[in-house]
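# Fold and contact review
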Amino acid sequence: MLKPLGDRVLVEPLEPEAKTPGGIYLPEAAQEAPREGKVVAVGPGRVTDKGELIPTGVKAGDIVTYTKYGGNEIKIDDKEYLLVDSHSLLAVRED
Amino acid sequence: MLKPLGDRVLVEPLEPEAKTPGGIYLPEAAQEAPREGKVVAVGPGRVTDKGELIPTGVKAGDIVTYTKYGGNEIKIDDKEYLLVDSHSLLAVRED
Amino acid sequence: MLKPLGDRVLVEPLEPEAKTPGGIYLPEAAQEAPREGKVVAVGPGRVTDKGELIPTGVKAGDIVTYTKYGGNEIKIDDKEYLLVDSHSLLAVRED
Amino acid sequence: MLKPLGDRVLVEPLEPEAKTPGGIYLPEAAQEAPREGKVVAVGPGRVTDKGELIPTGVKAGDIVTYTKYGGNEIKIDDKEYLLVDSHSLLAVRED
Amino acid sequence: MLKPLGDRVLVEPLEPEAKTPGGIYLPEAAQEAPREGKVVAVGPGRVTDKGELIPTGVKAGDIVTYTKYGGNEIKIDDKEYLLVDSHSLLAVRED
Amino acid sequence: MLKPLGDRVLVEPLEPEAKTPGGIYLPEAAQEAPREGKVVAVGPGRVTDKGELIPTGVKAGDIVTYTKYGGNEIKIDDKEYLLVDSHSLLAVRED
Amino acid sequence: MLKPLGDRVLVEPLEPEAKTPGGIYLPEAAQEAPREGKVVAVGPGRVTDKGELIPTGVKAGDIVTYTKYGGNEIKIDDKEYLLVDSHSLLAVRED
């Protein structure tokens, strides 16, 4: 498996079809429109100039809203994933 | 529900029609013109290079003036919301 | 009323006509030309990476010279105001 | 009178004609060419992220060389002045 | 051999052909698409304004996903390598 | 005379003709090509956010190589000088 | 001789012809392609906002790989050299 570096997060995009009743719908118009996905793996965080480690603020299993802008698409075993910078994570679903 | 990450704030835009007598009117000309909305949920804040958490300065229920510039539109249960960076919050209504 | 957030200042523009003899005249040519206005409300200030609060340096009632660049126009009860970033405040009138 | 804010300086431009023999001549070609002027009033200085106040380094009465780039022209009692950011002050005349 | 300076990493690109069953496939469309490679040598890290050394977070032998953007191609004994800034390293393979 | 402000340095350009045998020749093609000059006066240095003064690293009389990019041309008593930011000083001649 | 200032390094480019068998070959296509050279002289380093001196990390005699981007070409006694910012040094040869 892949372990993200820095403050990156490996995200498995949720199928837009899968989130209909009561779920969150995100416009597909713009390429930069926010999307939803499931966090698969999380990097250690950002190391500041002070040598402090700032964690990403999310954990594996979280359903996050993110912008594709700043993310890198990769395929693992024919499945599409994104490596998203934690600054591109906008929100997390709460139950 | 959605929990914003970082210093983002989830805002429900107020209908321009709803704010007539004595209310605040905001020009609709430019896309970047400031708008009013109600804060629905608030992120924990911005973590600085020192590891300090700077809160967003607003709370759920606040009526805020914000610029759409830097905000991300999302739909939850067919209702439109914005995830706004706290730097795009300009002012809060006081009673 | 509106309470500015961060280091923003709510400014009521002075009518150019109102400032003739002995007053300060500001060229109207460029959109970015400095203007004069009266401070109506003041945000708490800018929070630094250290968590320190840097106040805006002006107070309600001050007559300030500001650049419109970086300011946001809003209307309150049909009157035009500006939410100006404190970095766009250039000077304050002294008696 | 006007009191500059931040690290701005109020400058009264010297007439190019006034500085001929032994004086400093500055090319007029480019708009950004440096000019000479007399400091009329000085802002308190720049407040850093540490909360430290860094003074402008000049005082009223100083004859300074400055670039107009980054300065704002204003008129006080029909006389032209500039509000110049202290970073645009290049040098000061020494006797 | 080459010793990278700063927070740079010397990477030997993996042949796209070599990573088929169960491996990670990366789209070749865009020039900036992420690629996989083997870390050959690692710089000491980034020196912060405090004089602190922040290591790169990877070690020789690691299989990393990286973006070519920000990398410099060089040839050593007719073999192609990349000197990649550690900020361009996205993830590392875990067994 | 002029006293530079901040980390600026007043430089008297050396005539390209004057530096032929054994001297340093600098290409004249590009406007940004480095030039040689003699340091006439030196500003106090750059004040950091901590309030620390970082001196320019050169002294009056030094022969420096500099880039004109970032420098401001001025004339004093009909002689051309440059006010150069210390970041535009590349090297100093050693005997 | 020239003493580089700040974190600059004086580099004597190696002739591409001189580095054939077992040596490092660098593509000549792009202007920004990395090159090899010999360090002739080294500046004291970069002074940070903390007043700390960060040395360049190389010494005279080192064979370095560098990008010409960010470097300044100069001629000393008819021989071409480069003044390269230490950030443009990518790697150093190890025996």
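Preceding this paragraph is the structure being described.
Attention here is on the structure that accompanies the text. (Residues numbered from 1 in each chain as written. Chains lettered and ligands numbered in written order. Predicted model: local features only at pLDDT ≥ 70, side-chain atom pairs only at ≥ 80, totals over all residues. Heavy atoms only, no water.)

### Topic: the overall build of chain A
Heads up, the condition is: The numbering of helices and of strands both runs from the N terminus, where a helix is a DSSP run of H or I of at least 4 residues and a strand a run of E of at least 2. Residue burial is assigned from relative accessible area. The probe radius is 1.4 Å, only protein chains are included, and a residue is buried under 20% of its type maximum, exposed over 50%, and partly exposed in between. In what follows, a contact means two residues having at least one pair of non-hydrogen atoms within 4.5 Å. For every accessible area listed, the method is Shrake-Rupley and the probe measures 1.4 Å; residues are considered covered only by the protein chains on display.
A count of helices and strands for chain A gives zero helices and 10 strands. Scored against the burial criterion, the 95 residues of chain A give a buried share of 46%. A fraction of 63% describes how many contacts in chain A between residues 6 or more apart in sequence connect residues 24 or more apart. For chain A, the accessible surface area stands at approximately 4600 Å², while carbon and sulfur atoms represent 49% of it.

### Quick look at unusual backbone geometry
All names here are of chain A. A positive phi angle, close to 50°, is found at Asp-77, a residue other than glycine. Along the polypeptide, Asp-77 turns up in the loop between strand E8 (71–76) and strand E9 (79–85). On the basis of relative accessibility, which here comes to 48%, the residue Asp-77 falls in the partly exposed class.

### Notes on the relation of the copies chain F and chain G
Operational definition: A least-squares superposition brings the copies together, and it is based on the C-alpha atoms of residues with pLDDT no lower than 70 in both.
In the superposition of chain F on chain G (RMSD 0.1 Å, axial shift 0.1 Å), the rotation amounts to 51°. Comparing interface residues between copies, only 12% of those in chain F also sit at the interface in chain G, which points to a heterologous contact through distinct surfaces.

### With respect to the interface of chain F and chain G
Which entries qualify depends on this criterion: Any carboxyl oxygen of Asp or Glu within 4 Å of a side-chain nitrogen of Lys or Arg constitutes a salt bridge here. N or O atoms closer than or at 3.5 Å make up a polar contact, with two conditions inside protein: a donor-capable atom paired with an acceptor-capable one, and, for residues adjacent in sequence, both atoms drawn from side chains.
Each side of the interface is counted separately: chain F has 26 residues, and chain G has 18 residues. Counting across the chain F and chain G interface gives one salt bridge. Where Asp-49 of chain G meets Arg-46 of chain F, a salt bridge forms, and the shortest distance between an N and an O atom there is 2.7 Å. Where chain F touches chain G, the interface holds eight residue pairs in polar contact (both at pLDDT 80 or more). At the level of elements, strand E3 (24–25), strand E4 (34–42), strand E7 (63–67) and strand E10 (89–93) of chain F are the ones that each hand at least two residues to the side of chain F that touches chain G. Element by element, the count of residues in the side of chain F that touches chain G is highest for E10 of chain F, at five residues.

### Some remarks on the pattern of salt bridges
Residue and element names in this part refer to chain G. The full count for this structure, using the stated rule, is 35 salt bridges over all chains. Of the charged contacts in the structure, one is a salt bridge between Asp-62 and Lys-59, with a shortest N-O distance of 3.0 Å. Take Asp-62: its relative accessible area is 13%, and that puts it in the buried class. We classify Lys-59 as exposed; its relative accessible area is 54%.

### Considerations on the relation of the copies chain A and chain E
What relates the pair of chain copies is a rotation about an axis plus a shift along that axis. After a rotation of 51° and a shift along the axis of 0.0 Å, chain A superposes on chain E with an RMSD of 0.0 Å. Comparing interface residues between copies, only 17% of those in chain A also sit at the interface in chain E, which points to a heterologous contact through distinct surfaces.

### Notes on the interface of chain A and chain E
Applicable threshold: Joining two parts hides part of their accessible area as seen by a 1.4 Å probe, and the buried area is that hidden amount summed over both. Side-chain classes follow a simple rule in which Ala, Val, Leu, Ile, Met, Phe, Trp, Tyr, Cys and Pro form the nonpolar group, Asp, Glu, Lys and Arg form the charged group, and the remainder, Gly included, forms the polar group. Two strands are counted as paired when DSSP detects at least two bridges linking them.
Contact residues are listed per partner, giving 18 residues for chain A and 26 residues for chain E. For the pair chain A and chain E, the two sides together bury roughly 1800 Å², of which 56% comes from carbon and sulfur. Counting the contacts that link chain A with chain E gives one salt bridge. Inspection of the chain A/chain E interface yields eight residue pairs in polar contact (both at pLDDT 80 or more). Elements that contribute at least two residues to the side of chain A that touches chain E include exactly strand E1 (2–4) and E8 of chain A. Here the side of chain A that touches chain E gets five residues from one element, more than from any other, and that element is E8 of chain A. In the side of chain A that touches chain E, the residues fall into eight nonpolar, three polar and seven charged. Relative to strand E10 (residues 89–93) of chain E, E1 of chain A runs antiparallel, the two sharing three bridges. Each residue of the ladder has a partner; that of Pro-4 of chain A, found in E10 of chain E, is Ala-91 of chain E.

### Some details on the environment of Pro-4 of chain G
Position of Pro-4 of chain G among the secondary structure elements: in strand E1 (residues 2–4). Apart from residues no more than four positions distant in its own chain, Pro-4 of chain G is found in contact with Leu-90 and Ala-91 of chain F together with Val-9, Leu-10, Ala-41, Val-42, Gly-43, Pro-44 and Leu-83 of chain G.

### Points about the environment of Val-39 of chain G
Residue and element names in this part refer to chain G. Residue placement: Val-39 occurs in strand E4 (residues 34–42). By relative accessible area, which is 3% here, Val-39 ends up buried. The sequence separation of Val-39 and Gly-61 amounts to 22 residues, and the corresponding C-alpha distance is 5.2 Å. Ignoring anything within four residues of it in the chain, the contact list for Val-39 reads Val-9, Leu-10, Val-58, Lys-59, Ala-60, Gly-61, Asp-62 and Val-64.

### Here we look at the environment of Tyr-69 of chain B
Residues and elements named next belong to chain B. With respect to the helices and strands, Tyr-69 occurs in the loop between strand E7 (63–67) and strand E8 (71–76). Take Tyr-69: its relative accessible area is 62%, and that puts it in the exposed class. Taking the C-alpha atoms as reference points, Tyr-69 and Ala-33, 36 residues apart in sequence, are found 8.5 Å from one another.

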